[in-house]
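Summary of the model geometry
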Amino acid sequence: MVKQIGLKEVATYLPDGRVDNIERGLELGFEEAFLREKVGFLTLTQCRDEEGTLELAGRAVRALSNKTKLDLASVDCIVVCTQNPDDHGLPNTASALHAQLGLSPNCAAFDVSLGCSGYVYGLAIVKSFMEANQLVCGLLVTADPYSKIVDPADKSAAILFGDGATASLLTHDANWSIGQGRFGSDGSLRAAISVGEDGRLNMNGRAVFSFSATIVPPLVKNVVELNDMRIDEIDLFILHQGSRYIVEEIRKRLGLSAEKVPFFAKDTGNLVSSSVPAILEQKIKLEHDRVLLAGFGVGLSWAAILLTRCTED
Amino acid sequence: MSESEIRSLLALIVPSINWSVVTLDASLEEAGLDSLDKANLIMEIEGILSIKIDDSEYEKLDSIQNLIALGK
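These numbers were taken from a predicted model, which means no experiment stands behind them.

**A short note on the overall build of chain A**
What chain A contains, in helices and strands, is eight helices and 13 strands. In terms of overall dimensions, chain A is globule-like: its C-alpha atoms have a radius of gyration of 18 Å, near the 20 Å expected for 313 residues. For chain A, the C-alpha atoms occupy an extent of roughly 60 × 45 × 35 Å along the three principal directions. With 313 residues in all, chain A has 55% of them scored as buried. Once local pairs closer than 6 in sequence are excluded, the contacts in chain A between residues at least 24 apart make up 78%. With the model as given, the accessible surface of chain A reaches about 13200 Å², and the carbon-plus-sulfur share is 49%.

**Some remarks on the sheet that holds strand β4 (residues 77-81) of chain A**
Whenever strands of a sheet pair, they do so through backbone hydrogen bonds, lying parallel or antiparallel. Residues and elements named next belong to chain A. Here we have nine strands laid out as an open sheet, ordered β5-β4-β6-β7-β1-β8-β13-β12-β11, and mixed in their pairing. The open sheet has two free edges, formed respectively by β5 (108-112) and β11 (236-239), since each of these has just one partner strand. Neighbouring strand axes in the sheet, compared pairwise and without regard to direction, differ in orientation by 25 degrees on average. Bridging between β4 and β5 involves five bridges; their strand directions are parallel. Bridge pairing in β5 links V80 to D111.

**Some remarks on the interface of chain A and chain B**
Listed as interface residues are 11 residues of chain A and, on the opposing side, 15 residues of chain B. Summing both partners gives a buried area of about 1100 Å² for chain A against chain B, and 50% of it is carried by carbon and sulfur. For the pair chain A and chain B, the interface holds five salt bridges. Across the pair D34(B) and K38(A) runs a salt bridge whose closest N-O atoms are separated by 2.4 Å. The tally of links from chain A across to chain B stands at 10 residue pairs in polar contact (both at pLDDT 80 or more). For the side of chain A that touches chain B, the secondary-structure elements that each account for two or more residues are α2 (32-39), α6 (205-226) and α7 (244-254) of chain A.

**Brief notes about helix α4 (residues 93-101) of chain A**
Residue and element names in this part refer to chain A. When α4 is considered as a whole, its buried residues turn out to be T93, A94, L97, H98 and L101. Along the axis of α4, the buried positions cluster into a sector of 140 degrees, meaning they face one direction only. In this fold, the buried residues of α4 make contact with α3 (53-68), β4, β5 and β6 (137-143). Phi turns positive one or two residues past the end of α4, at G102, with a value near 65 degrees.

**Quick word on the side chain of S212(A)**
Residues and elements named next belong to chain A. When you line up the elements, S212 lands in helix α6. Here V208 takes part through its backbone oxygen, which lies 2.7 Å from a polar atom of the side chain of S212. When neighbours within four sequence positions are excluded, S212 is seen to be in contact with P217, I246, I250 and F296.

Cut-offs applied
Residues numbered from 1 in each chain as written. Chains lettered and ligands numbered in written order. Predicted model: local features only at pLDDT ≥ 70, side-chain atom pairs only at ≥ 80, totals over all residues. Heavy atoms only, no water. Helix = DSSP H or I, 4+ residues; strand = E, 2+ residues; numbered from the N terminus. Rg over C-alpha atoms; globule rule 2.2 N^0.38 Å. Buried < 20%, exposed > 50% of the residue type's maximum accessible area, 1.4 Å probe, protein only. Contact = heavy atoms within 4.5 Å. Areas by Shrake-Rupley, 256 points an atom, 1.4 Å probe, with all protein chains shown as cover. Pairing = 2+ DSSP bridges. Axes fitted to C-alpha atoms, helices over the stretch in contact; angles between N-to-C directions. Buried area = accessible area lost by both parts, 1.4 Å probe. Salt bridge = Lys/Arg side-chain N within 4 Å of Asp/Glu carboxyl O. Polar contact = N/O pair within 3.5 Å; in protein donor to acceptor, adjacent residues only side chain to side chain. Arc of directions from axis to C-beta.

Structure follows, in C-alpha coordinates:
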(Lines give C-alpha, C1' and ligand atoms only; values in the text may rest on other atoms or scores of the structure.)
Protein backbone atom coordinates (compact mmCIF):
# COMPACT_ATOMS: atom_id res chain seq x y z
CA MET A 1 0.00 0.00 0.00
CA VAL A 2 1.31 3.47 -0.92
CA LYS A 3 1.94 5.63 2.11
CA GLN A 4 0.40 9.07 1.70
CA ILE A 5 2.76 12.01 1.62
CA GLY A 6 1.63 15.28 3.20
CA LEU A 7 2.97 18.66 4.21
CA LYS A 8 4.76 18.76 7.54
CA GLU A 9 6.17 22.27 7.87
CA VAL A 10 7.11 25.43 5.97
CA ALA A 11 9.87 27.97 6.65
CA THR A 12 10.40 31.35 5.00
CA TYR A 13 13.51 33.40 4.42
CA LEU A 14 13.10 37.09 3.68
CA PRO A 15 16.23 39.08 2.89
CA ASP A 16 17.06 42.12 5.02
CA GLY A 17 16.69 44.78 2.31
CA ARG A 18 13.50 46.85 2.19
CA VAL A 19 12.19 49.22 -0.46
CA ASP A 20 9.70 51.89 0.60
CA ASN A 21 7.14 51.16 -2.09
CA ILE A 22 5.12 54.31 -1.47
CA GLU A 23 8.22 56.40 -2.04
CA ARG A 24 9.13 54.43 -5.16
CA GLY A 25 5.60 54.62 -6.50
CA LEU A 26 5.32 58.38 -5.93
CA GLU A 27 8.59 58.87 -7.81
CA LEU A 28 7.09 56.88 -10.70
CA GLY A 29 4.03 59.13 -10.75
CA PHE A 30 1.45 57.00 -8.96
CA GLU A 31 -1.07 58.43 -6.49
CA GLU A 32 -0.49 57.43 -2.87
CA ALA A 33 -4.09 56.21 -2.47
CA PHE A 34 -3.65 53.94 -5.51
CA LEU A 35 -0.48 52.47 -4.04
CA ARG A 36 -1.97 51.87 -0.60
CA GLU A 37 -5.49 50.78 -1.50
CA LYS A 38 -5.16 49.13 -4.90
CA VAL A 39 -1.62 47.78 -5.18
CA GLY A 40 -1.40 47.23 -1.43
CA PHE A 41 2.34 46.67 -1.11
CA LEU A 42 3.78 49.26 1.28
CA THR A 43 7.21 47.65 1.45
CA LEU A 44 9.09 45.33 -0.91
CA THR A 45 11.67 42.87 0.39
CA GLN A 46 14.92 42.99 -1.55
CA CYS A 47 18.05 40.86 -1.55
CA ARG A 48 21.57 42.23 -1.89
CA ASP A 49 23.14 42.34 -5.35
CA GLU A 50 25.52 39.54 -4.45
CA GLU A 51 22.77 37.40 -2.90
CA GLY A 52 21.78 34.85 -5.53
CA THR A 53 18.91 32.41 -5.85
CA LEU A 54 21.02 29.60 -4.40
CA GLU A 55 21.81 31.65 -1.30
CA LEU A 56 18.15 32.50 -0.74
CA ALA A 57 17.15 28.86 -1.22
CA GLY A 58 19.86 27.62 1.15
CA ARG A 59 18.79 30.07 3.85
CA ALA A 60 15.18 28.90 3.57
CA VAL A 61 16.22 25.24 3.92
CA ARG A 62 18.38 26.06 6.94
CA ALA A 63 15.45 27.91 8.52
CA LEU A 64 13.32 24.81 7.94
CA SER A 65 16.04 22.53 9.32
CA ASN A 66 16.33 24.64 12.49
CA LYS A 67 12.58 24.76 12.92
CA THR A 68 11.96 21.03 12.48
CA LYS A 69 15.32 19.59 13.67
CA LEU A 70 15.44 17.95 10.27
CA ASP A 71 18.44 15.72 9.61
CA LEU A 72 19.48 16.82 6.13
CA ALA A 73 21.11 13.41 5.55
CA SER A 74 17.60 11.93 5.52
CA VAL A 75 16.38 14.06 2.60
CA ASP A 76 15.77 11.87 -0.43
CA CYS A 77 14.22 14.41 -2.78
CA ILE A 78 14.78 18.16 -3.23
CA VAL A 79 12.85 20.19 -5.80
CA VAL A 80 13.50 23.87 -6.44
CA CYS A 81 10.89 26.06 -8.07
CA THR A 82 12.50 29.12 -9.63
CA GLN A 83 12.55 31.14 -12.82
CA ASN A 84 15.64 33.08 -11.84
CA PRO A 85 18.32 30.41 -11.48
CA ASP A 86 21.95 31.37 -10.96
CA ASP A 87 24.40 30.56 -13.78
CA HIS A 88 21.74 30.79 -16.52
CA GLY A 89 20.03 27.72 -15.12
CA LEU A 90 22.79 25.33 -16.08
CA PRO A 91 23.52 23.58 -13.81
CA ASN A 92 20.13 23.54 -12.21
CA THR A 93 19.64 25.24 -8.83
CA ALA A 94 18.53 22.02 -7.11
CA SER A 95 21.88 20.38 -7.90
CA ALA A 96 23.79 23.40 -6.58
CA LEU A 97 21.62 23.35 -3.46
CA HIS A 98 22.19 19.61 -3.11
CA ALA A 99 25.94 20.28 -3.00
CA GLN A 100 25.66 23.30 -0.72
CA LEU A 101 23.62 21.34 1.83
CA GLY A 102 25.76 18.19 1.51
CA LEU A 103 22.77 15.99 0.71
CA SER A 104 23.00 12.27 0.09
CA PRO A 105 23.89 10.89 -3.38
CA ASN A 106 20.60 9.00 -3.14
CA CYS A 107 18.68 12.28 -3.00
CA ALA A 108 16.91 13.25 -6.24
CA ALA A 109 17.37 16.92 -7.18
CA PHE A 110 15.58 18.81 -9.93
CA ASP A 111 14.10 22.21 -10.76
CA VAL A 112 10.59 23.23 -11.75
CA SER A 113 10.36 26.34 -13.94
CA LEU A 114 7.16 28.07 -12.90
CA GLY A 115 6.33 31.38 -11.26
CA CYS A 116 3.34 32.26 -9.12
CA SER A 117 1.59 28.91 -9.64
CA GLY A 118 4.82 27.02 -8.88
CA TYR A 119 4.30 26.19 -5.22
CA VAL A 120 0.92 24.56 -5.81
CA TYR A 121 2.28 22.63 -8.80
CA GLY A 122 5.31 21.73 -6.69
CA LEU A 123 3.26 20.26 -3.87
CA ALA A 124 1.48 17.95 -6.32
CA ILE A 125 4.72 17.05 -8.13
CA VAL A 126 6.70 16.24 -5.00
CA LYS A 127 3.84 14.30 -3.39
CA SER A 128 3.30 12.21 -6.52
CA PHE A 129 7.03 11.64 -7.09
CA MET A 130 7.57 10.57 -3.50
CA GLU A 131 4.56 8.27 -3.36
CA ALA A 132 5.42 6.66 -6.71
CA ASN A 133 8.98 5.94 -5.57
CA GLN A 134 8.30 5.28 -1.88
CA LEU A 135 10.43 8.18 -0.69
CA VAL A 136 10.15 9.39 2.88
CA CYS A 137 11.56 12.88 3.21
CA GLY A 138 11.18 15.54 0.50
CA LEU A 139 11.90 19.26 0.30
CA LEU A 140 10.12 21.74 -1.93
CA VAL A 141 12.01 25.02 -2.20
CA THR A 142 10.81 28.25 -3.83
CA ALA A 143 13.19 31.13 -4.58
CA ASP A 144 12.62 33.91 -7.08
CA PRO A 145 14.52 37.17 -6.60
CA TYR A 146 12.64 39.24 -9.16
CA SER A 147 14.55 42.38 -8.11
CA LYS A 148 17.31 41.06 -10.37
CA ILE A 149 15.11 41.28 -13.47
CA VAL A 150 12.78 44.20 -12.68
CA ASP A 151 13.76 47.64 -13.95
CA PRO A 152 13.11 50.00 -10.99
CA ALA A 153 11.93 52.62 -13.50
CA ASP A 154 9.35 50.32 -15.11
CA LYS A 155 5.91 51.48 -13.93
CA SER A 156 4.26 48.17 -14.78
CA ALA A 157 6.49 46.03 -12.54
CA ALA A 158 8.65 48.11 -10.19
CA ILE A 159 5.98 48.49 -7.50
CA LEU A 160 4.95 44.83 -7.38
CA PHE A 161 7.67 42.32 -6.59
CA GLY A 162 9.56 41.40 -3.44
CA ASP A 163 12.32 38.83 -2.96
CA GLY A 164 12.03 35.78 -0.77
CA ALA A 165 12.40 32.03 -0.49
CA THR A 166 10.61 29.21 1.29
CA ALA A 167 11.27 25.57 2.07
CA SER A 168 8.58 22.98 2.76
CA LEU A 169 9.03 19.53 4.29
CA LEU A 170 6.90 16.73 2.83
CA THR A 171 6.74 13.39 4.58
CA HIS A 172 4.41 10.65 5.92
CA ASP A 173 4.17 12.12 9.39
CA ALA A 174 2.47 15.25 8.11
CA ASN A 175 0.44 18.08 9.61
CA TRP A 176 -1.52 18.64 6.40
CA SER A 177 -2.86 16.15 3.91
CA ILE A 178 -2.70 17.26 0.30
CA GLY A 179 -6.01 16.78 -1.50
CA GLN A 180 -6.82 16.76 -5.18
CA GLY A 181 -5.93 19.76 -7.26
CA ARG A 182 -6.55 21.21 -10.67
CA PHE A 183 -3.88 22.62 -12.98
CA GLY A 184 -3.96 24.44 -16.28
CA SER A 185 -2.18 26.70 -18.74
CA ASP A 186 -2.83 29.02 -21.64
CA GLY A 187 0.46 29.23 -23.48
CA SER A 188 -0.96 31.68 -26.01
CA LEU A 189 -0.78 34.30 -23.23
CA ARG A 190 2.84 33.53 -22.24
CA ALA A 191 4.17 36.91 -23.42
CA ALA A 192 2.09 38.68 -20.76
CA ILE A 193 4.82 37.92 -18.20
CA SER A 194 8.16 37.43 -19.88
CA VAL A 195 11.78 38.52 -19.90
CA GLY A 196 12.96 40.45 -22.94
CA GLU A 197 16.29 40.39 -24.72
CA ASP A 198 17.49 43.11 -22.36
CA GLY A 199 17.07 40.69 -19.47
CA ARG A 200 14.28 42.77 -17.94
CA LEU A 201 10.81 41.64 -16.97
CA ASN A 202 7.96 42.70 -19.27
CA MET A 203 4.51 42.55 -17.81
CA ASN A 204 1.16 43.24 -19.43
CA GLY A 205 -0.81 44.09 -16.31
CA ARG A 206 -4.13 44.23 -18.09
CA ALA A 207 -3.74 40.74 -19.59
CA VAL A 208 -2.64 39.28 -16.26
CA PHE A 209 -5.54 40.92 -14.44
CA SER A 210 -8.15 39.67 -16.94
CA PHE A 211 -6.70 36.18 -16.87
CA SER A 212 -6.64 36.05 -13.06
CA ALA A 213 -10.13 37.48 -12.57
CA THR A 214 -11.73 35.09 -15.06
CA ILE A 215 -9.78 31.86 -14.47
CA VAL A 216 -9.30 31.74 -10.71
CA PRO A 217 -12.88 31.93 -9.33
CA PRO A 218 -14.11 28.87 -11.31
CA LEU A 219 -10.82 27.10 -10.56
CA VAL A 220 -11.38 27.55 -6.82
CA LYS A 221 -14.97 26.32 -7.04
CA ASN A 222 -13.88 23.34 -9.11
CA VAL A 223 -11.27 22.25 -6.57
CA VAL A 224 -13.72 22.61 -3.69
CA GLU A 225 -16.20 20.32 -5.49
CA LEU A 226 -13.45 17.92 -6.52
CA ASN A 227 -12.70 17.35 -2.84
CA ASP A 228 -16.40 16.79 -2.03
CA MET A 229 -16.65 19.98 -0.04
CA ARG A 230 -18.85 23.05 -0.05
CA ILE A 231 -17.19 26.45 -0.36
CA ASP A 232 -18.44 27.48 3.10
CA GLU A 233 -16.58 24.50 4.59
CA ILE A 234 -13.20 25.96 3.60
CA ASP A 235 -11.69 27.94 6.48
CA LEU A 236 -9.14 29.97 4.55
CA PHE A 237 -8.31 30.69 0.92
CA ILE A 238 -4.67 31.53 0.33
CA LEU A 239 -4.54 33.17 -3.07
CA HIS A 240 -1.34 34.19 -4.77
CA GLN A 241 -0.78 37.79 -3.69
CA GLY A 242 -0.44 39.49 -7.06
CA SER A 243 -1.83 42.76 -5.66
CA ARG A 244 -4.51 43.78 -3.19
CA TYR A 245 -6.80 44.58 -6.11
CA ILE A 246 -6.63 41.14 -7.72
CA VAL A 247 -7.09 39.33 -4.41
CA GLU A 248 -10.14 41.52 -3.73
CA GLU A 249 -11.56 41.02 -7.21
CA ILE A 250 -11.33 37.24 -6.99
CA ARG A 251 -12.80 37.32 -3.47
CA LYS A 252 -15.78 39.38 -4.68
CA ARG A 253 -16.38 37.02 -7.59
CA LEU A 254 -16.41 34.09 -5.18
CA GLY A 255 -18.82 35.91 -2.84
CA LEU A 256 -16.56 35.34 0.17
CA SER A 257 -15.65 37.51 3.16
CA ALA A 258 -12.35 39.38 3.44
CA GLU A 259 -11.66 37.32 6.55
CA LYS A 260 -11.64 34.13 4.48
CA VAL A 261 -9.68 35.56 1.57
CA PRO A 262 -7.19 37.96 3.13
CA PHE A 263 -4.53 40.11 1.55
CA PHE A 264 -1.38 39.44 3.51
CA ALA A 265 1.49 40.79 1.46
CA LYS A 266 1.62 44.51 2.34
CA ASP A 267 5.04 44.19 3.98
CA THR A 268 6.73 42.02 1.33
CA GLY A 269 5.31 42.58 -2.15
CA ASN A 270 4.49 39.80 -4.56
CA LEU A 271 6.94 37.01 -3.69
CA VAL A 272 6.13 35.01 -6.86
CA SER A 273 6.38 31.25 -6.08
CA SER A 274 7.07 32.03 -2.41
CA SER A 275 3.90 34.05 -1.97
CA VAL A 276 1.55 31.17 -1.06
CA PRO A 277 3.93 29.17 1.21
CA ALA A 278 5.09 32.30 3.09
CA ILE A 279 1.47 32.93 4.07
CA LEU A 280 0.96 29.27 4.85
CA GLU A 281 3.79 29.47 7.36
CA GLN A 282 3.00 32.81 8.91
CA LYS A 283 -0.75 33.30 8.90
CA ILE A 284 -2.39 29.94 9.55
CA LYS A 285 -4.29 29.74 12.85
CA LEU A 286 -5.45 26.76 14.86
CA GLU A 287 -9.03 27.19 13.71
CA HIS A 288 -7.98 26.75 10.08
CA ASP A 289 -8.51 23.09 9.29
CA ARG A 290 -9.22 23.29 5.57
CA VAL A 291 -7.15 25.65 3.49
CA LEU A 292 -7.37 26.10 -0.25
CA LEU A 293 -4.22 27.27 -2.05
CA ALA A 294 -4.39 28.92 -5.46
CA GLY A 295 -1.46 30.13 -7.57
CA PHE A 296 -1.63 31.81 -10.98
CA GLY A 297 0.75 33.72 -13.21
CA VAL A 298 3.68 32.99 -15.52
CA GLY A 299 2.79 30.71 -18.43
CA LEU A 300 0.09 31.83 -18.08
CA SER A 301 -0.65 28.99 -15.71
CA TRP A 302 -2.87 28.23 -12.76
CA ALA A 303 -3.16 25.67 -9.99
CA ALA A 304 -5.26 25.11 -6.89
CA ILE A 305 -5.19 22.41 -4.24
CA LEU A 306 -6.84 21.70 -0.90
CA LEU A 307 -4.92 21.12 2.33
CA THR A 308 -6.66 19.47 5.28
CA ARG A 309 -5.19 19.48 8.77
CA CYS A 310 -4.30 15.97 9.93
CA THR A 311 -5.93 14.93 13.16
CA GLU A 312 -4.48 12.47 15.66
CA ASP A 313 -6.68 9.36 15.82
CA MET B 1 -23.34 49.25 -25.38
CA SER B 2 -25.57 52.14 -24.41
CA GLU B 3 -24.44 55.16 -22.43
CA SER B 4 -26.52 54.11 -19.42
CA GLU B 5 -25.06 50.59 -19.44
CA ILE B 6 -21.55 52.03 -19.46
CA ARG B 7 -22.32 54.49 -16.67
CA SER B 8 -23.82 51.62 -14.63
CA LEU B 9 -20.71 49.53 -15.13
CA LEU B 10 -18.49 52.44 -14.12
CA ALA B 11 -20.59 52.97 -10.99
CA LEU B 12 -20.31 49.28 -10.14
CA ILE B 13 -16.54 49.26 -10.48
CA VAL B 14 -15.83 52.67 -8.92
CA PRO B 15 -18.84 53.57 -6.77
CA SER B 16 -17.04 56.47 -5.10
CA ILE B 17 -17.28 58.61 -8.25
CA ASN B 18 -20.50 60.22 -9.51
CA TRP B 19 -20.31 59.02 -13.11
CA SER B 20 -23.60 60.66 -14.05
CA VAL B 21 -21.89 64.07 -14.17
CA VAL B 22 -18.96 62.94 -16.31
CA THR B 23 -19.51 64.18 -19.86
CA LEU B 24 -19.41 61.84 -22.84
CA ASP B 25 -16.08 63.14 -24.11
CA ALA B 26 -14.36 63.65 -20.75
CA SER B 27 -11.24 61.68 -19.97
CA LEU B 28 -12.13 58.77 -17.68
CA GLU B 29 -8.62 58.82 -16.26
CA GLU B 30 -8.98 62.48 -15.31
CA ALA B 31 -12.38 61.67 -13.82
CA GLY B 32 -10.66 59.17 -11.50
CA LEU B 33 -10.59 55.83 -13.32
CA ASP B 34 -7.19 54.33 -12.48
CA SER B 35 -5.36 51.70 -14.52
CA LEU B 36 -6.64 48.72 -12.49
CA ASP B 37 -10.25 49.87 -12.61
CA LYS B 38 -9.91 50.48 -16.35
CA ALA B 39 -8.61 46.94 -16.87
CA ASN B 40 -11.59 45.67 -14.90
CA LEU B 41 -14.06 47.82 -16.88
CA ILE B 42 -12.72 46.74 -20.26
CA MET B 43 -12.70 43.09 -19.19
CA GLU B 44 -16.40 43.40 -18.30
CA ILE B 45 -17.18 45.08 -21.62
CA GLU B 46 -15.27 42.40 -23.54
CA GLY B 47 -17.37 39.77 -21.78
CA ILE B 48 -20.69 41.53 -22.43
CA LEU B 49 -19.95 42.21 -26.11
CA SER B 50 -18.04 38.94 -26.68
CA ILE B 51 -15.17 40.83 -28.26
CA LYS B 52 -11.42 40.98 -27.68
CA ILE B 53 -9.91 44.46 -27.48
CA ASP B 54 -6.26 44.58 -28.43
CA ASP B 55 -3.72 46.64 -26.54
CA SER B 56 -3.42 49.40 -29.15
CA GLU B 57 -7.19 49.99 -29.17
CA TYR B 58 -7.30 49.71 -25.37
CA GLU B 59 -5.11 52.79 -24.94
CA LYS B 60 -7.63 54.90 -26.88
CA LEU B 61 -10.59 53.91 -24.72
CA ASP B 62 -10.60 56.84 -22.34
CA SER B 63 -14.09 58.30 -22.67
CA ILE B 64 -17.67 57.10 -22.44
CA GLN B 65 -18.10 58.19 -26.05
CA ASN B 66 -15.30 55.87 -27.22
CA LEU B 67 -16.73 53.01 -25.19
CA ILE B 68 -20.18 53.46 -26.73
CA ALA B 69 -18.59 53.12 -30.18
CA LEU B 70 -17.15 49.72 -29.30
CA GLY B 71 -18.62 46.76 -31.13
CA LYS B 72 -20.50 48.98 -33.60
